[in-house]
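# A look at the structure
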Amino acid sequence: SGAAVDNDGALTVTAAGGQATISDNGTSHSDYDASALAYAHGIQTVGDVDNTGALTVTAAGGTATAEAGVNSAEVEAYGIASQGQISNTGAITFTGTAGQATVDSSSSVTGSAAYAHAIVYGISSVGDVSNEGAIAVDATGGTAASSFNSDAAAVALGITSDGQIANTGAITLAATGGAADA
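A brief look at the structure comes next. (Residues numbered from 1 in each chain as written. Predicted model: local features only at pLDDT ≥ 70, side-chain atom pairs only at ≥ 80, totals over all residues. Heavy atoms only, no water.)

Moving on, we come to the overall build of the protein. When its secondary structure is counted, the protein shows zero helices and 23 strands. Overall size of the protein, expressed as C-alpha extent along the three principal axes, is 55 × 30 × 25 Å. Taken across its 182 residues, the protein has 43% of its residues classed as buried. Look at the contacts in the protein between residues 6 or more apart in sequence, and 80% of them connect residues 24 or more apart. For the protein, the exposed surface amounts to about 8000 Å²; the carbon and sulfur share of it is 46%. (Helix = DSSP H or I, 4+ residues; strand = E, 2+ residues; numbered from the N terminus. Buried < 20%, exposed > 50% of the residue type's maximum accessible area, 1.4 Å probe, protein only. Contact = heavy atoms within 4.5 Å. Areas by Shrake-Rupley, 256 points an atom, 1.4 Å probe, with all protein chains shown as cover.)

Here it is in structure tokens:
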């Protein structure tokens, strides 16, 4: 079930989170959330994937600011994501950089949080994966500031699968955490 993807061409994907600002005029409601997220996928399908093309994905989180609530400037990026089987010989290059999430430090609302983390996957599949292409993944956490809870983590994953993995391609991973202040 689901459409199969057969790609021979180069794909370039760029995603950028915007700017989200909430001013609650002193009411300090904890349910006001600002999000400046960036999600990017080179190829995403439920079916099988056969890729020989180069994939380049760049994602950058934006700026989220509010006086309370949960503020996010996160990045999530995938080179190839599928519930089927994946065969890849193309080069995959991914860069994900989280943005800046800030909750006013004078806020007295408990449960406020700022998230500026980056999670970047080269290949993610439920099925089997065969990879001969080079995979380069770079994840960088952003800046998170809140009086209660902050997260500026970075996670870089080359190949994840619930099935079997056969890999002969070079995999280079880099993950650099950002700055979190709580």
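From this point on, the discussion continues.
Judged by nonpolar contacts, the single largest core of 32 residues is most densely connected at Ala 59, Ala 77, Ile 80, Ile 92 and Ile 123. Mapped onto this core, the elements with two or more residues apiece are strand E5 (38-45), strand E7 (55-60), strand E10 (75-82), strand E12 (92-97), strand E13 (100-103), strand E15 (118-125), strand E17 (135-140) and strand E20 (154-161). Counting residues in hydrophobic clusters, the runner-up holds five residues, among them Ala 20, Ala 34, Ala 36 and Ala 66. (Core = buried A, V, L, I, M, F, W, Y, C linked by side-chain atoms within 4.5 Å.)

Attention now goes to the sheet that holds strand E19 (residues 149-151). Ordered in space as E4-E9-E14-E19, the four strands form an open sheet in which the pairing is parallel. The open sheet has two free edges, formed respectively by strand E4 (34-35) and E19, since each of these has just one partner strand. Where strand E14 (residues 113-115) meets E19, three bridges bridge the pair, whose relative direction is parallel. When the bridges of E19 are listed, Ala 113 appears paired with Asn 149. (Pairing = 2+ DSSP bridges.)

Moving on, we get to the environment of Ala 15. Tracing the chain through its elements places Ala 15 in strand E2 (residues 11-16). Linking Ala 15 and Val 75, residues 60 residues apart in sequence, is a C-alpha distance of 9.1 Å. Setting aside anything within four residues of it in sequence, one finds Ala 15 in contact with Ala 38, Tyr 39, Ala 40, Thr 58, Ala 59 and Ala 60.

Attention shifts here to the environment of Thr 176. Tracing the chain through its elements places Thr 176 in strand E22 (residues 171-176). For Thr 176, a relative accessible area of 43% gives the class partly exposed.

Residue alternation in strand E8 (residues 63-66) divides its side chains into a buried set, Ala 64 and Ala 66, and an unburied set, Thr 63 and Thr 65. Two strands pair when backbone bridges link them, and E8 and E13 are joined in this way by four bridges, in the parallel orientation. Bridge pairing in E13 places Ala 66 opposite Val 103.

Function cannot be read off these values alone, since they describe shape.
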